[in-house]
Amino acid sequence: MSTKLTNKLKNKKAHIAVIGLGYVGLPLALAFAKKGFRVTGIDTDTQRVGRIHNAESYITDVSGREIADMVRKDRFHASVDFNSLADADAVIICVPTPLRRKYTPDISYIVSAVKSVAKYLHKDMLIVLESTTYPGTTRELMMPELKKSGLKVGRDFFVAFSPERIDPGNKSFDVTRIPKVVGGMTAACTKLSGLLYSQIIKKVHEVSSCESAEMTKLLENSFRIVNIGWINEIAQMCHALHIDVWEVIEAAKTKPFGFMPFYPGLGVGGHCIPEDPLYLYWKAKHYDFSCKFIKLAADTNTNMPAYAVTRIKEMLGKSFKKAKVLVLGVTYKKDVKDLRKSPAIRLVELLTKETKVDYYDPFIPFLKYNSLDLTGIELTAANIKKYNAVVVAVDHTAVNYELIFKNARLIFDTRNVYKLKSDPKVAKL
């Protein structure tokens, strides 16, 4: 293990570069900067880099004040120039890993980042991939490019995988409070990556390989997509049986073991849950193994907006096509300004094809997404009364649900915000 790099990490003299300044990379970069490290954030998005220079935050979990403070203290600098990798001691890659088409990973961002790192690879450099991907990516995709240098992994340079576990909008668990899993190409790689993260995170868990670390992330998110898919199927079943699924979940929660509550909704959004398990599905197919649970859960969750439209049609009957529907919330989850893969947007798209739709979201005043070009309404009693039905798609905290209840004609509640209301005008998912 590199004594030089070890000492630099322990003494906080290491220069850390973070490639990709999105919802994972920016909080991570600032966490290291706050601990005294010199950090360079690299992103190909010039607008994003410009906003950092102006101390403007573009994600929920970081304030402009935090950015300004670290920039002013000369601990954090953002750039579009990869030349700064030349003197970097540790490089953390946090680039996107979307799906190129259904069930097929797009790893082009990782490939591009690794090629950039390879140009500046030097002795005693640690490279950690955090981008969620299929098992084998670090060894099969990164290593061939890095080996071209002639340097030996585990002796001259070090490579590891550490899955990101950021939960946007979660004030209880920021990046420094979530235990970190690390797995390296060699034992020395694992130890050094563990030492790196231990500077900002109290608990670091080491696994035996990059593949184990890569699989850990996919297990975590597959666990969620499968259980969310299952509870969404249960919700549909309960409706058919005239049973309140929310009451059933609350009752099941009283069992002190063997049960973990999941809640139904319009599906899954963001990057992790809708896409990450499908990386595993794709990889398994290369080994002639079919991940039936992942596929079924993904299909069930994808279908939830269409199921919601069916329920709204049931509520409105023949008046549906001439109705006006108000959708409350269009982000992918509660209390975040993030539209990625939002099932609420899919609901709006489906409704727009058949009836008149407006929306309200305290985080999104204007909605330009795919074919949608809408302006959010003002949430007033007079406006609410104009609609034949109001759909609670996202349960944002900063919404006056009592105002809605008093003035709406019909409410379709997909988030159980009206759990204490017993009224025929409220239908629950």
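Calculation notes
Residues numbered from 1 in each chain as written. Predicted model: local features only at pLDDT ≥ 70, side-chain atom pairs only at ≥ 80, totals over all residues. Heavy atoms only, no water. Helix = DSSP H or I, 4+ residues; strand = E, 2+ residues; numbered from the N terminus. Rg over C-alpha atoms; globule rule 2.2 N^0.38 Å. Contact = heavy atoms within 4.5 Å. Areas by Shrake-Rupley, 256 points an atom, 1.4 Å probe, with all protein chains shown as cover. 1 Å grid on protein atoms, 1.4 Å probe; cavity = no way out; pocket = protein on both sides within 12 Å on 5 of 7 lines; lining within 4 Å. Points joined across faces, edges and corners; volume = space filled by probe spheres on them. Core = buried A, V, L, I, M, F, W, Y, C linked by side-chain atoms within 4.5 Å. Buried < 20%, exposed > 50% of the residue type's maximum accessible area, 1.4 Å probe, protein only. Pairing = 2+ DSSP bridges. Axes fitted to C-alpha atoms, helices over the stretch in contact; angles between N-to-C directions. Salt bridge = Lys/Arg side-chain N within 4 Å of Asp/Glu carboxyl O. Arc of directions from axis to C-beta.

**Q** I tried to follow the overall build of the chain on my own but got confused; where do I start?
**A** Each helix and strand counted, the chain has 15 helices and 17 strands in total. Computed over C-alpha atoms, the radius of gyration of the chain comes to 24 Å, within 12% of the 22 Å expected from 2.2 N^0.38 for 429 residues, which places it in the range of a compact globule. Dimensions of the chain, computed from C-alpha atoms along their principal axes, come out at roughly 70 × 50 × 40 Å. A sequence separation of at least 24 residues applies to 69% of the contacts in the chain between residues at least 6 apart. As displayed, the chain offers around 19,900 Å² of accessible surface, 54% of which is attributable to carbon and sulfur atoms.

**Q** Looking at this model, I keep getting lost on empty space enclosed by the protein. Mind explaining?
**A** Vacant regions in the atomic arrangement are exposed by a probe of water-molecule size rolled over the atoms. Counted under the stated rule, the structure contains one cavity of 30 Å³ or more. Of the pockets and cavities examined, the largest cavity occupies roughly 60 Å³.

**Q** It is not clear to me how the nonpolar core should be interpreted in this structure. Could you clarify?
**A** With 99 residues, the main nonpolar core has F32, I93, I127, L146 and L196 as its most contacted residues. By residue number, the principal contributor to this core is helix α8 (residues 210–240), which donates nine residues. Those residues in contact with I127 that lie beyond four places of it in its chain are V91, I93, V117, L121, M142, L146, F157, F158, V159 and A160. Listed in part, the 31 residues of the second largest apolar core include M304, V309, V330 and L350.

**Q** So what exactly am I meant to see when it comes to the sheet that holds strand β1 (residues 15–19) here?
**A** Within a beta sheet, neighbouring strands are joined by backbone hydrogen bonds and run either parallel or antiparallel to one another. If you trace the eight strands from one edge of the open sheet to the other, you get β3-β2-β1-β4-β7-β8-β9-β10, paired in mixed fashion. The open sheet has two edge strands with one neighbour each: β3 (76–79) and β10 (204–206). Going from strand to strand, the sheet's axes swing by 25° on average, the running direction of each strand aside. One ladder, built from four bridges, connects strand β4 (residues 90–93) with strand β7 (residues 125–129); its direction is parallel. What sits directly across from I92, in β7, is V128.

**Q** For this particular structure, what's the right way to read the pattern of salt bridges?
**A** The full count for this structure, using the stated rule, is 29 salt bridges. Two residues, D395 and R415, come together in a salt bridge whose shortest N-O distance is 3.7 Å. Of this pair, D395 sits in the loop between β15 (389–392) and α15 (401–407) while R415 sits in the loop between β16 (411–413) and β17 (426–428), placing them 20 residues apart in sequence. Classification of D395 by relative accessible area gives buried; the value is 18%. Ionic contacts of the salt-bridge type, sharing partners, join the residues D69, R72 and K73 into one network.

**Q** How do you make sense of the side chain of S2 when you look at a structure like this?
**A** Along the polypeptide, S2 turns up in the segment before α1 (3–10). Its relative accessible area of 5% is what places S2 among the buried residues. Beyond its immediate stretch of four places on either side in the chain, S2 contacts D124, F158 and L192.

**Q** What exactly am I supposed to notice about helix α11 (residues 292–302) here?
**A** Think of an α-helix as 3.6 residues a turn; residues three or four steps apart then line up on the same face. Turning to α11, its buried residues are I294, A297, A298, T300 and N301. On an axial view of α11, the arc spanned by its buried residues comes to 165°, and they lie on one face. In α11, the exposed positions angled more than 90 degrees off the buried face are occupied by K292, L296 and T302. Tucked inside the fold, the buried residues of α11 contact α8, α10 (272–285) and α12 (304–316).

From the geometry alone we can't say anything about function, so treat these as descriptive.
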